[in-house]
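Understanding the architecture of this molecule
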Amino acid sequence: MLKKILIANRGEIALRVHRACQEMGIRTVAVHSTADASAMHVRLADESVCIGPPLARDSYLNVAAILSAAAITGADAIHPGYGFLSENARFAEMVEAHGLTFIGPTADHIHMMGDKIAAKDAMRKLNVPLVPGSPGALESFEEAREIAERIKYPVLIKAAAGGGGRGMKVARSADELEEAWQVARTEAKAAFGNDAVYMEKYLDRPRHIELQILADTHGNVVHFGERDCSLQRRHQKLVEEAGSPVLTAAERNALGAQVTSGLRQLGYRNAGTLEFLYQDGQFAFIEMNTRLQVEHPVTEMVCGVDLVREQIRIAAGEKLGYGQEDVQFNGHAIECRVTAEDPESFAPSPGRVNTYHAPGGLGVRVDSALYSGYAVPPHYDSLVAKLIVHAPSRPQAIARMQRALDEMVVDGIKTTLPLHRRIMADAEFQSGDYTIHWLERFVARG
C-alpha cells in the first residue's frame, strides 16, 4: 500500500482525498498557493508545501513545483483530484517518469478520452451508442454542410478538445450553419489552442446521464450506476441525482454491461465516468471523464462505496475484490453544488465568510473546506460546498434536502443557496420532468 500521497489540488476535493488517506493510514502532503496558506486542506494535511503565487498557472498548474514538492516530502504517489491537472496526459506521464504513482488512468487513456473525436471513435469500435454526426473532425465547411443535410437540422458544432460549453454552437437551419462553424472554431482555438471541430445531431430534449465505473489492473471492471446531471446552466452542473428519475433498472443494467465490457477490452484502469445524452429511451455517448467527478458523492451514498479509497487501492495494484453482482443500489441521493455566486446574476462573490454552519442529521453530508473567518479567494472555481443527502426514496430525499438547505448558513458572501431552495420547491423538479434545457428556463423565470 502507498505510504504518502501528495494531493495536487485544493478546496473540498483536496480535503476529500485527505480524509480517505487518513482512514487508510496514509500520510498526506498538501500543496497550496500563497492565497491558500490558511485553507482547510493545508491545516489538516500531515505536511504542506507552498508551490507559488495565487494564479493557478503559477501554482496548481505548475508541474515542476508539484513534482519538486513530491520529491522533497518523499511522497510516493500523487492524486490529482478533479480540474487543474487531473486530465493532463503529459502530467500523468511525468509523474510516472519520476518514479511516482499517478492515482488515475494511464496517460494514453487520458489522451484518448481528452480528444472527443478519438473518444467517440474508440466507443464506436466498442459498439457503445453514439449521437449521429461526423465520423471525425470536419475538414471543411462543405463537409459540414453535407453532413448537416444528411442527419437533418438542428445540428451542434463542437470543439474536439472542448469542455464546459466552449467551442459549442447550434445551427438550427442551413442559414445558421456557416456562422456556427466559424464561431465554434474561433472559440475552440482561443480556449484550447486547437480549432478542430466535429458535428452532432442536436437533441432538443435530452437528459444528461453519466455512468460511474472502476477498473483495476487485473481486468476487473465494475459500474456503480448512473447519475442524472441534467440540471445545468451554461453547461455547468448545479444539481445531480443518483439514480435518474427516468431510468429503469433494466436500462441501467444494459448500459452498464455494454460499457464495462468495452472498457475491459480497452484495458482501462482506475475511475472513469462515461457521459451520455438520453432521449426517447435511447443513449448516445458524448464524452468520458478520466478522473473523479465533482458529483461522485451521490454514487457513494447510494452504493455505500468510497470511490477515492478504491482509486488509491487500484493505484497500489490491488484487485477490486468484488464483482458487479456485489454492487447494490439503495435509496436515492441528491447533490446541490453551492457556489460563491449571486443566485440571480451569477456574478462571482469572493470574500470573507463571517459565519458558516453546516447542516446535519440522518442522511446529510457536506463536502466543504469552508470555516467561519475563511476568505474565499477570487482566483479559482467558485464552488465552496457540496450538500448531499440520501434517503430511501426520491420524495424523501427532496424533503431532506429542503430541510438541510434551510439549516445551512454561509454568511458574508453571496451563494447559490437561495436558488437551490427554489429548485427543490418546484413542482416540475419534484416530478422529475426536466431536461438539460430546463434549468436555463427556470432561472430566467426568476
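A short tour of the structure in this document, coming up. Throughout, residues of each chain are indexed from 1 in the direction in which the sequence is written. For a predicted model such as this one, the threshold for reporting local features is a pLDDT of at least 70, and the threshold for listing and counting side-chain atom pairs is 80 or more; totals across whole chains, interfaces and linings nevertheless cover every residue. Side-chain metrics in this entry use all non-hydrogen atoms of the structure; hydrogen atoms and water are not considered.

A few points about the nonpolar core
Met408, Ile423 and Met424 are the most contacted members of the largest nonpolar core, which has 42 residues in total. Counting from the N terminus, the helices are the DSSP runs of H or I reaching at least four residues and the strands are the DSSP runs of E reaching at least two. Counting residues per element, the ones that place at least two in this core are β11 (236-242), β14 (332-339), β17 (364-368), β19 (383-391), α12 (394-407), α13 (417-425) and α15 (438-445). Residue contacts are counted whenever heavy atoms from the two residues lie within 4.5 Å of one another. With near-sequence residues (within four places) excluded, Ile423 lies in contact with Leu231, Val239, Phe429, Trp438, Leu439 and Phe442. Ranked by size, the runner-up nonpolar core spans 32 residues in total, among them Val294, Ile312, Leu320 and Ala333. Remark: nonpolar core denotes a set of buried residues (Ala, Val, Leu, Ile, Met, Phe, Trp, Tyr, Cys) joined through side-chain atoms within 4.5 Å. Relative accessible area decides the class of each residue, using a 1.4 Å probe on protein chains only: under 20% of the type maximum gives buried, over 50% gives exposed, and in between gives partly exposed.

Details of α15
Taken as a whole, α15 has its buried residues at Trp438, Leu439, Phe442 and Val443. Projected onto a plane normal to the axis of α15, the buried residues spread over an arc of 125° and lie on a single side. Across from the buried face of α15, at angles greater than 90 degrees, the exposed residues are Arg441, Ala444 and Arg445. Immediately beyond the C-terminal end of α15, within one or two residues, lies Gly446, with a positive phi of roughly 70°. The arc in question is formed by the directions pointing from the helix axis toward the C-beta atoms.

With respect to the sheet that holds strand β10 (residues 221-233)
Strand order across the open sheet formed by 8 strands is β13-β12-β9-β10-β11-β14-β19-β17, with antiparallel pairing between neighbours. The open sheet terminates on both sides in strands that have one partner only, identified here as β13 (282-289) and β17. The sheet shows a mean angle of 25° between the axes of neighbouring strands, direction not considered. By the bridge criterion, 9 bridges tie strand β9 (residues 207-215) to strand β12 (residues 270-279) in an arrangement that is antiparallel. Paired strands are those between which DSSP finds at least two bridges. Axis lines are fitted through C-alpha atoms, for helices just across the contact stretch, and the angle between N-to-C directions can take any value from 0 to 180 degrees.

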